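Residues per chain, in single letters:
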Amino acid sequence: MPVTLAPKNRPVRVVKIAADEKVRKHLIELGITEGGQITLVACSPGGVIVAVKEGRLCLNGALAKSILVA
């Protein structure tokens with residue numbers, strides 16, 4: 001399921017990043033890796049806020065839908 005549908009405030013595992021190579025590389029540099037854990041903090045129609053390791057990131061809706069979690 002995309003991270004936009006993940007339960008709030010519960011860690012989930014990133015299964016796949018369905019984006020082009022440039023975007024995938026950028027997300028990896030930010031700490032979002034396949035097999036890694038992220039937590040959905042807030043979700044709105046325009047985007048999401050996720051907690052990654054010790055920080056938080058704001059992602060737009062299109063990018064958030066390309067991050068698949070379990």
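Residues numbered from 1 in each chain as written. Predicted model: local features only at pLDDT ≥ 70, side-chain atom pairs only at ≥ 80, totals over all residues. Heavy atoms only, no water.

**Remarks on the pairing of strand β4 (residues 55-60)**
Pairing of strand β3 (residues 47-52) with β4 involves six bridges; the strand directions are antiparallel. Residue pairing for β4: Val-48 is matched across the bridge by Leu-59. Hairpin connection from β3 to β4: two residues lie between these consecutive antiparallel strands, with Lys-53 at a positive phi of about 55°. (Pairing = 2+ DSSP bridges. Helix = DSSP H or I, 4+ residues; strand = E, 2+ residues; numbered from the N terminus.)

**Considering the side chain of Thr-39**
Residue position: Thr-39 is located in strand β2 (residues 37-44). Apart from the residues lying within four places of it in its own chain, the contact partners of Thr-39 are Asn-9, Arg-10, Pro-11, Ile-49, Val-50 and Ala-51. (Contact = heavy atoms within 4.5 Å.)

**Focus on the pattern of salt bridges**
Counting across every chain of the model gives two salt bridges. The partner of Glu-21 in a salt bridge is Arg-24, and the shortest N-O contact between them spans 3.9 Å. Of this pair, Glu-21 and Arg-24 are both found in helix α1 (residues 21-30), three residues apart, which corresponds to roughly one turn of the helix. Overall, the relative accessible area of 59% leaves Glu-21 in the exposed class. One salt bridge in this structure joins Glu-34 and Arg-24, with 2.9 Å as the shortest N-O distance. (Salt bridge = Lys/Arg side-chain N within 4 Å of Asp/Glu carboxyl O. Buried < 20%, exposed > 50% of the residue type's maximum accessible area, 1.4 Å probe, protein only.)

**Let's talk about the pairing of strand β1 (residues 11-17)**
Across three bridges, β1 lies against β2 in antiparallel orientation. Note on β2: the bridge partner recorded for Arg-13 is Gln-37. Bridging between β1 and strand β5 (residues 67-69) involves three bridges; their strand directions are antiparallel. By the bridge assignment, Ile-17 is partnered in β5 with Ile-67.

**Structural notes on the nonpolar core**
Of all hydrophobic cores here, the largest spans 17 residues; its most connected members are Ile-32, Ile-38, Val-50, Ile-67 and Val-69. Among the secondary structure elements, those contributing two or more residues to this core are β1, β2, β3, β4 and β5. Aside from chain neighbours lying at most four places away, what touches Ile-32 is Val-14, Ile-17, Leu-27, Ile-38, Val-52, Leu-57, Leu-59 and Ile-67. (Core = buried A, V, L, I, M, F, W, Y, C linked by side-chain atoms within 4.5 Å.)

**Considering the sheet that holds β5**
Here five strands make up an open sheet; going across it, the order is β4-β3-β2-β1-β5 and the pairing antiparallel. Here the strands that pair on one side only, and so sit at the sheet edges, are β4 and β5. Neighbouring strand axes in the sheet, compared pairwise and without regard to direction, differ in orientation by 50° on average. (Axes fitted to C-alpha atoms, helices over the stretch in contact; angles between N-to-C directions.)

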